Amino acid sequence: PPEEPFLPPMIDERACNKCYALDTCMLFRKSVENVVDTSSPIADVYALKTSHLKPSHLTFFKQWEELISLEEQDAARFRKELWCMSTQER
């Protein structure tokens, strides 16, 4: 089965255009979720924000995002352990 999208569905052009995360959202959808949007209410905005990206850009961002996610998971695990360790163990 296909993986559930990480981001919520796109709302509409007006709401998306005012969103602080518009560029990041569009980049994530294109590179990580492989969204092809030609018919939604914001298809024009999506094309404007992502049509210039080359496959090498998308690959780079996807790999970078995966590394950041791994680092975040590791940091969260360490944070939990940190409070259970003595000062000598830390």
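Just checking my understanding: could you explain the overall build of the protein for this structure?
Of regular secondary structure, the protein possesses four helices and zero strands. Scanning the protein from its N terminus toward the C terminus, one meets helices and strands in the order α-α-α-α. Once the C-alpha set of the protein is aligned to its principal axes, its extents read approximately 60 × 30 × 30 Å. Expressed as a percentage of the 90 residues in the protein, the buried residues total 21%. Considering only intrachain contacts with a sequence separation of at least 6, the fraction spanning at least 24 residues in the protein is 55%. A total of about 7,400 Å² of accessible surface is found on the protein, and carbon and sulfur atoms cover 59% of it.

It is not clear to me how the packing of aromatic side chains should be interpreted in this structure. Could you clarify?
For any two aromatic rings, the description comes down to two numbers: the centre-to-centre distance and the angle of the planes. Going through the model one piece at a time under the given rule, you end up with one aromatic pair. Look at Phe61 and Trp64: their rings are 5.7 Å apart centre to centre, the planes differ by 40°, and that puts the pair in the tilted class. With Phe61 and Trp64 both in helix 4 (residues 55-82) and three residues apart, the pair spans about one turn of that helix.

Could you clarify how one ought to interpret the state of the cysteines in this entry?
The term disulfide refers to a covalent linkage connecting the sulfur atoms of a pair of cysteines. Applying the stated criterion across every chain yields a total of zero disulfides. Take Cys16: it sits in no disulfide, and the sulfur closest to it among the cysteines is that of Cys25, at 6.5 Å. Classification of Cys16 as buried rests on a relative accessible area of 10%.

Honestly, the environment of Asn17 in this entry has me stumped. Any pointers?
Tracing the backbone shows Asn17 in helix 1 (residues 13-17). Overall, Asn17 belongs to the partly exposed group, its relative accessible area being 41%. Between the C-alpha atoms of Asn17 and Glu71, which are 54 residues apart in sequence, the distance is 31 Å. Among all residues touching Asn17, those that are not within four sequence positions of it are Leu22 and Val45.

So, how was this worked out
Residues numbered from 1 in each chain as written. Predicted model: local features only at pLDDT ≥ 70, side-chain atom pairs only at ≥ 80, totals over all residues. Heavy atoms only, no water. Helix = DSSP H or I, 4+ residues; strand = E, 2+ residues; numbered from the N terminus. Buried < 20%, exposed > 50% of the residue type's maximum accessible area, 1.4 Å probe, protein only. Contact = heavy atoms within 4.5 Å. Areas by Shrake-Rupley, 256 points an atom, 1.4 Å probe, with all protein chains shown as cover. Phe/Tyr/Trp six-rings, centres within 6.5 Å; stacked < 30°, edge-to-face > 60°. Disulfide = S-S within 2.5 Å.

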